[in-house]
Amino acid sequence: MAILTSHIKGDTFFGLPCTLLDNNNVAVDLTGVAIRCYFRYGNPTGERVFKFSIGNGITITNAALGEFYLLEDYLIDWKVGIWYFDIEFTFTDGKVKSSNIETLNIIQDVTYG
């Protein structure tokens with residue numbers, strides 16, 4: 001996944017382009033795979049505040065090449081601070097794989113108020 005930097009509260013997030021790769025750096029086919037992502041405020045075990053899935057914040061751009069976007073053109077007007085998330089993949093055979101835990105730092109916009 002891409003390295004995230006800070007995002008300004010109240011601005012449109014242009015999305016996080018992602019590619020799921022196996023241990024050999026080969027793209028994993030996402031055909032039929034369920035994808036979900038939870039954002040938690042303050043720590044990785046905090047309350048689930050925002051939940052996303054395919055069609056709701058997650059867009060598959062090329063299933064065969066394992067490519068998808070997280071929160072493309074999404075207005076983030078969340079509480080200022082550190083948000084923790086991972087992305088979970090459930091494959092058609094029932095296997096589940098999760099990404100590493102990532103963070104998104106939401107900072108206050110001076111003009112926004």
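Read on for a plain summary of the structure. (Residues numbered from 1 in each chain as written. Predicted model: local features only at pLDDT ≥ 70, side-chain atom pairs only at ≥ 80, totals over all residues. Heavy atoms only, no water.)

Considerations on the overall build of the chain
Stage number 1. Within the chain, the regular secondary structure consists of zero helices and 11 strands.
Stage number 2. Each helix (α) and strand (β) of the chain, taken in turn from the N terminus, gives the series β-β-β-β-β-β-β-β-β-β-β.
Stage number 3. A compact globule built from 113 residues would reach a C-alpha radius of gyration of about 13 Å, and the chain, at 15 Å, matches this within 12%.
Stage number 4. Along the first, second and third principal axes, the C-alpha atoms of the chain reach 45 × 25 × 25 Å.
Stage number 5. Among the 113 residues that make up the chain, the fraction classed as buried is 29%.
Stage number 6. Counted over contacts in the chain with a minimum sequence separation of 6, partners at least 24 positions apart contribute 61%.
Stage number 7. Accessible surface for the chain amounts to roughly 6700 Å². Of this, 50% is attributable to carbon and sulfur atoms.
Stage number 8. Positive and negative side-chain charges in the chain, numbering 8 and 13 respectively, have mean positions lying 11 Å apart. (Helix = DSSP H or I, 4+ residues; strand = E, 2+ residues; numbered from the N terminus. Rg over C-alpha atoms; globule rule 2.2 N^0.38 Å. Buried < 20%, exposed > 50% of the residue type's maximum accessible area, 1.4 Å probe, protein only. Contact = heavy atoms within 4.5 Å. Areas by Shrake-Rupley, 256 points an atom, 1.4 Å probe, with all protein chains shown as cover. Lys, Arg positive; Asp, Glu negative; His and termini not counted. Charge placed at Lys NZ, Arg CZ, Asp CG, Glu CD.)

Points about unusual backbone geometry
Stage number 1. In the Ramachandran plot, asparagine 25 falls in the positive-phi region, its phi being about 65 degrees despite a non-glycine side chain.
Stage number 2. Looking at where asparagine 25 falls in the secondary structure, it is placed in the loop between strand E3 (16–19) and strand E4 (34–41).
Stage number 3. For asparagine 25, a relative accessible area of 61% puts it in the exposed group.
Stage number 4. Even without glycine at this site, aspartate 73 takes up a positive phi of about 55 degrees.
Stage number 5. Within the secondary structure, aspartate 73 is located in the loop between strand E7 (67–70) and strand E8 (74–76).

Quick word on the pairing of E3
Stage number 1. The two faces of E3 differ: Leu16 and Cys18 on one face are buried, but Pro17 and Thr19 on the other face are not.
Stage number 2. Of the strand pairs in this sheet, E3 and E7 are connected by four bridges, and their pairing is antiparallel. The partner of leucine 16 across the bridge, within E7, is leucine 70. (Pairing = 2+ DSSP bridges.)

Some points on the nonpolar core
Stage number 1. Phe39, Leu70, Trp78 and Ile87 are the most contacted members of the largest nonpolar core, which totals 23 residues.
Stage number 2. When residues of this core are traced back to their parent elements, those giving at least two are E3, E4, E7, strand E9 (81–90) and strand E11 (102–107).
Stage number 3. A per-element tally of this core places E9 first, with four residues.
Stage number 4. If near-sequence neighbours (up to four positions away) are discounted, tryptophan 78 is found in contact with Lys9, Phe39, Phe50, Phe52, Leu71, Trp83, Leu104 and Ile106. (Core = buried A, V, L, I, M, F, W, Y, C linked by side-chain atoms within 4.5 Å.)

Focus: the side chain of lysine 9
Stage number 1. Among the structural elements, lysine 9 can be located in the loop between strand E1 (6–8) and strand E2 (11–13).
Stage number 2. For lysine 9, a relative accessible area of 15% corresponds to the buried category.
Stage number 3. Within the structure, lysine 9 has its side chain in polar contact with the side chain of aspartate 77 (distance 3.1 Å).
Stage number 4. A polar side-chain atom of lysine 9 sits 3.2 Å from the main-chain carbonyl oxygen of tryptophan 78. (Polar contact = N/O pair within 3.5 Å; in protein donor to acceptor, adjacent residues only side chain to side chain.)

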